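Secondary and tertiary structure notes
One letter stands for each residue in the lines below.
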Amino acid sequence: MRQNHFLSPTLRDVPSDAEVSSHQLMLRAGLIRQTASGVYSFLPLGMRALKKVENIVREEMDAAGAQELLMPAVQPAELWQESGRWEAYGPELMRFYDRHKREFALGPTHEEVITTLVRDDVKSYKKLPMTLYQIQTKFRDERRPRFGVLRSREFIMKDAYSFDTTQEGLDKSYDSMFLAYTNVFTRCGLDFRAVVADSGAMGGKDTHEFMVLSSIGEDTIAYSSVSNYAANIEIAPVVSKYEKSNEDEKPLEKFDTPDLKTIDELANSLNIDKDKLIKAVLFMVDEKPVLALVRGDHEVNDVKIKHFYHAQVVELASHEQTINYMNCEPGFIGPINVSNDVDIVADPAVEAIVNGVCGANEKDKHYKYVNSQRDFSVKDYIDLRFIKEGDPSPDGQGVIKFAEGIEVGHVFKLGTRYSEAMGAVFLDENGKSKPMIMGCYGIGVTRVLAATIEQNHDDKGIVWPTTVAPFDLHLIAVNTKNADQKQLSEDLYKQLKRAGCDVLFDDRAERPGVKFADADLIGLPLRITVGKKAAEGIVEVKVRKTDEVLEVHTDQLLNVVQDLTERLA
Ligand code: ATP
Ligand code: MG
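Residues numbered from 1 in each chain as written. Chains lettered and ligands numbered in written order. Predicted model: local features only at pLDDT ≥ 70, side-chain atom pairs only at ≥ 80, totals over all residues. Heavy atoms only, no water.

Right, let's get into the overall build of the protein. What the protein contains, in helices and strands, is 16 helices and 31 strands. In the protein, which comprises 569 residues, the proportion classed as buried is 52%. Pairs at least 24 residues apart make up 69% of the contacts formed inside the protein by residues separated by at least 6 positions. On the protein, roughly 26100 Å² of surface is accessible, and the fraction owed to carbon and sulfur atoms is 48%. Taken together, the 70 basic and 90 acidic charged side chains of the protein have centroids lying 4 Å from each other. (Helix = DSSP H or I, 4+ residues; strand = E, 2+ residues; numbered from the N terminus. Buried < 20%, exposed > 50% of the residue type's maximum accessible area, 1.4 Å probe, protein only. Contact = heavy atoms within 4.5 Å. Areas by Shrake-Rupley, 256 points an atom, 1.4 Å probe, with all protein chains shown as cover. Lys, Arg positive; Asp, Glu negative; His and termini not counted. Charge placed at Lys NZ, Arg CZ, Asp CG, Glu CD.)

Within strand β8 (residues 154–164), 10 of the 11 residues are buried, which leaves it mostly tucked inside the rest of the structure. Pairing between strand β7 (residues 130–139) and β8: 10 bridges, direction antiparallel. The residue of β8 that forms the bridge with Phe 139 is Glu 154. As paired elements, β8 and strand β24 (residues 437–444) share eight bridges and run antiparallel to each other. Looking at β24, one finds that Met 157 is bridged to Gly 444. (Pairing = 2+ DSSP bridges.)

Next up on the list: the sheet that holds strand β6 (residues 103–106). The strands that make up a sheet are held in pairs by hydrogen bonds between backbone atoms, and each pair lies either parallel or antiparallel. Strand order in the open sheet formed by three strands is β4-β6-β5, and the pairing between neighbours is antiparallel. Both edges of this open sheet fall to β4 (74–76) and β5 (94–97), since each of them pairs with a single strand only. Each adjacent strand pair in this sheet contributes to an overall mean axis angle of 35 degrees, direction not counted. Sheet topology note: the β5/β6 ladder contains four bridges and is antiparallel. From the neighbouring strand, Tyr 97 faces β6, where its bridge partner is Glu 103. (Axes fitted to C-alpha atoms, helices over the stretch in contact; angles between N-to-C directions.)

What follows concerns the environment of Lys 486. For Lys 486, the position within the fold is in helix α14 (residues 483–498). What makes Lys 486 partly exposed here is its relative accessible area of 36%. Placed 163 residues apart in sequence, Lys 486 and Ile 323 show a C-alpha to C-alpha distance of 80 Å.

Turning to the sheet that holds strand β19 (residues 365–370), a few remarks are in order. One open sheet accounts for three strands, arranged β13-β19-β18; its pairing is antiparallel. One side of each edge strand has no neighbouring strand; the edge strands of this open sheet are β13 (253–256) and β18 (356–359). When strand polarity is set aside, the average angle formed by the axes of neighbouring strands in this sheet is 30 degrees. By the bridge criterion, four bridges tie β18 to β19 in an arrangement that is antiparallel. Within β19, the position partnered with Gly 359 by the bridge is His 366.

So, on to the site of ligand 1. Every one of the 14 residues lining ligand 1 counts as a neighbour, but Glu 142, Arg 151, Ser 152, Glu 407 and His 410 are closest to it. Glu 142 has a polar side-chain atom sitting 2.8 Å from a nitrogen atom of ligand 1. Backbone polar atom of Gly 409 to an oxygen atom of ligand 1: 3.5 Å apart, as the coordinates give it. A total of 590 Å² of accessible area belongs to ligand 1 in isolation, and the protein chains cover 82% of it. When contributions to the shell around ligand 1 are tallied by element, the ones reaching two or more residues are β8 and β21 (400–415). A per-element tally of the shell around ligand 1 places β21 first, with four residues. (Near = heavy atom within 4 Å. Polar contact = N/O pair within 3.5 Å; in protein donor to acceptor, adjacent residues only side chain to side chain.)

Along the chain, Gly 396 falls in the loop between β20 (380–381) and β21. Taking the C-alpha atoms as reference, Gly 396 lies 38 Å from Arg 58; in sequence the two are 338 residues apart.

Moving on: helix α16 (residues 554–568). When the terminal C-alpha atoms of α16 are compared, their 21 Å separation across 15 residues agrees well with the 21 Å that a helix rising 1.5 Å per residue should span. Taken together, the buried positions of α16 are Thr 554, Leu 557, Val 560, Val 561 and Leu 564. Here the buried face of α16 lies against β27 (473–477), α14, β29 (526–530), β30 (538–543) and β31 (549–553). (Expected span 1.5 Å × (residues − 1).)

So, on to unusual backbone geometry. Glycine aside, a negative phi is what most residues show, and trans is what most peptide bonds show. Going from Leu 128 to Pro 129, the amide bond is cis rather than trans, its omega being 5 degrees. Examined against the element boundaries, Pro 129 turns out to sit in the loop between α5 (111–121) and β7. Of note in this structure, Lys 101 is not a glycine but carries a positive phi near 65 degrees. As for its position among the elements, Lys 101 is in the loop between β5 and β6.

A separate point is the packing of helix α2 (residues 44–63) against helix α6 (residues 167–187). Here α2 crosses α6 at 150 degrees, and the two axes come no closer than 9 Å. The angle between α2 and α6 falls in the class roughly antiparallel. Regarding α2 and α6, the two cross each other, and that crossing is right-handed. Facing α2, whose interface residues are Ile 56, Val 57, Glu 59, Glu 60 and Met 61, α6 presents Met 177, Ala 180, Tyr 181, Asn 183, Val 184 and Arg 187. Partitioning the contact of α2 with α6 into residue classes produces seven nonpolar, one polar and three charged. (Parallel < 35°, antiparallel > 145°, perpendicular 65-115°, else oblique. Left-handed = near helix turned anticlockwise from the far one by under 90°. Nonpolar A, V, L, I, M, F, W, Y, C, P; charged D, E, K, R; others polar.)

Our focus in this paragraph is the packing of α2 against helix α13 (residues 445–455). Here α2 crosses α13 at 110 degrees, and the two axes come no closer than 9 Å. Here α2 lies roughly perpendicular to α13, going by the angle between them. Only Val 445, Thr 446, Val 448 and Leu 449 of α13 make contact with α2, whose side of the interface consists of Gly 46, Ala 49, Leu 50, Val 53 and Glu 54. When the residues that make up the contact of α2 with α13 are grouped by side-chain class, the tally is six nonpolar, two polar and one charged.

Attention shifts here to the domain arrangement of the protein. According to the domain assignment, the protein consists of domain 1 (3–237 + 402–453), domain 2 (253–381) and domain 3 (473–568). For domain 1 and domain 3, the distance between their C-alpha centroids amounts to 38 Å. Together domain 1 and domain 3 conceal approximately 1000 Å² of surface at their shared face, both sides included; 55% is due to carbon and sulfur atoms. Of all residues in domain 1, Gln 3, Asn 4 and Arg 12 bury the most surface against domain 3, accounting for 54% of the area lost on that side. Our count for the contact surface shared by domain 1 and domain 3 stands at two salt bridges. Here domain 1 is connected to domain 3 by seven residue pairs in polar contact (both at pLDDT 80 or more). (Domains from an automatic or database assignment. Buried area = accessible area lost by both parts, 1.4 Å probe. Salt bridge = Lys/Arg side-chain N within 4 Å of Asp/Glu carboxyl O.)

Quick look at the environment of Thr 131 now. Mapped onto the fold, Thr 131 is located in strand β7. Taking C-alpha positions, Thr 131 is 27 Å from Ser 152, a pair spaced 21 residues apart along the chain. Among all residues touching Thr 131, those that are not within four sequence positions of it are Gly 65, Ala 66, Gln 67, Ala 160, Tyr 161, Ser 162 and Met 177.

Below, the discussion takes up the side chain of Arg 527. Its place among the elements puts Arg 527 in strand β29. For Arg 527, the side chain forms a polar contact with the side chain of Asp 520, separated by 3.2 Å.

What follows is the structure in structure tokens.
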């Protein structure tokens, strides 16, 4: 490709609205442009890299035996009403009316469409198992689109769906997608982990998120210091054991704590450790008030409450709800003398507190010398808190450390959630009708591209892995007015293309400084510079990743390019 007429507008300055490196570099290197908030155009360079990612995904899906199809972005409301998600999906679903006032949505995901497709055309166990996938544009009206295409409102996803007749069949389909994902992210040159994730109310084993390790990641991964255990902190179980101290229990005492509302204010003012405090947080769990108790130095994990109650929605109680159920404003609530309407659940660490401090359900008052059995009753002691760094790893090996990750992929065992709701059944060997057992598997293709840049760049620009680079190499004619340079670079362009190289040829009449800065910014793996020694047939080859520079005679150029490319792969 000749750069002279190529739409690759580079920017010298960092765009002020781009916070993270990948977003800045995608704008500066001319890969994307914003069309509306969270809505982007991919310019030719970006499009080429995107196609590379797409092809890696497609090859691995095909190798795993999945079949490609294409479903529409436009989905009728009835489908979503049938699955029960029309209301539940909330404002992220982009809805609209057609001219006949029929309601539609732009698909954020395709469980409904695929389930009806398979329902209508697959009737017998003989056709199953089957895994279908597409690479297609998704729409989600994200509350906070940000970081460019890392969290956008329109993005490209690869979504796959498996249909099996047995649970063991689903396990196999899941494992084969898991392997395909591992291959995809490895080939994209990403440093990633597959972590156990939240699977709604179904427990933790049946879903994994693929996380690209990055300090800008929105998810926190809890991983073991010694084993390969890794889980999203949302679900990582706490296995710590707590010893009760043998201190004598003292009589309960109410005391004044004007304006001391937070755990820190209390601990500082009373001059005690936070692990002596009982933190009480009121939640509304699908309409039901639940008072959750954790130790003062711990944080309540609402996902664990959601799982325990098999609930749809867990929200912090509002000011009014708190006053209504606790007869007290937030800041002073506690577990003593609580109405029977309110469930009290507590973390095991609370049971071990002797002579603790908690809110007295009265403004500006707390209790001290609080002891769990004696002073209040708990419906259930359950693991309620977020795991912390230094806690024992749940697999019994080592301690927990934290890392931030960007979720690039998600594999999930759906079971019969959609097949039952939408009547996707098959006849088994005995002619008995059964719901199909499903799995779903997503990769954010546009997000993968941004994550690749997030992990592969330096202060001068992108440093593309060879597998995803928009071109294999950048050929630069330093001075296009010099006849030798002009001639040699034109010859090499043809020669390299004939040899099967994807070449970006900087044939622009720009100053050398501009060309080199652009080449670094665009970041193709190899750069071939045709300069002063053109008359002798000597050019310079530079490796973007290592800054290594070689002077090479054109006779040897193809060999050198091939060797370096193999080394970089
Ligand atoms: P997130 O927690 O980041 O919102 P999600 O759980 O909503 O992700 P899934 O519904 O599992 O995501 O979608 C599958 C994949 O699609 C994700 O792993 C991610 O790579 C990608 N993805 C999801 N939302 C977006 C978005 N707004 N922009 C870009 N990619 C996205
Ligand atoms: Mg989301």
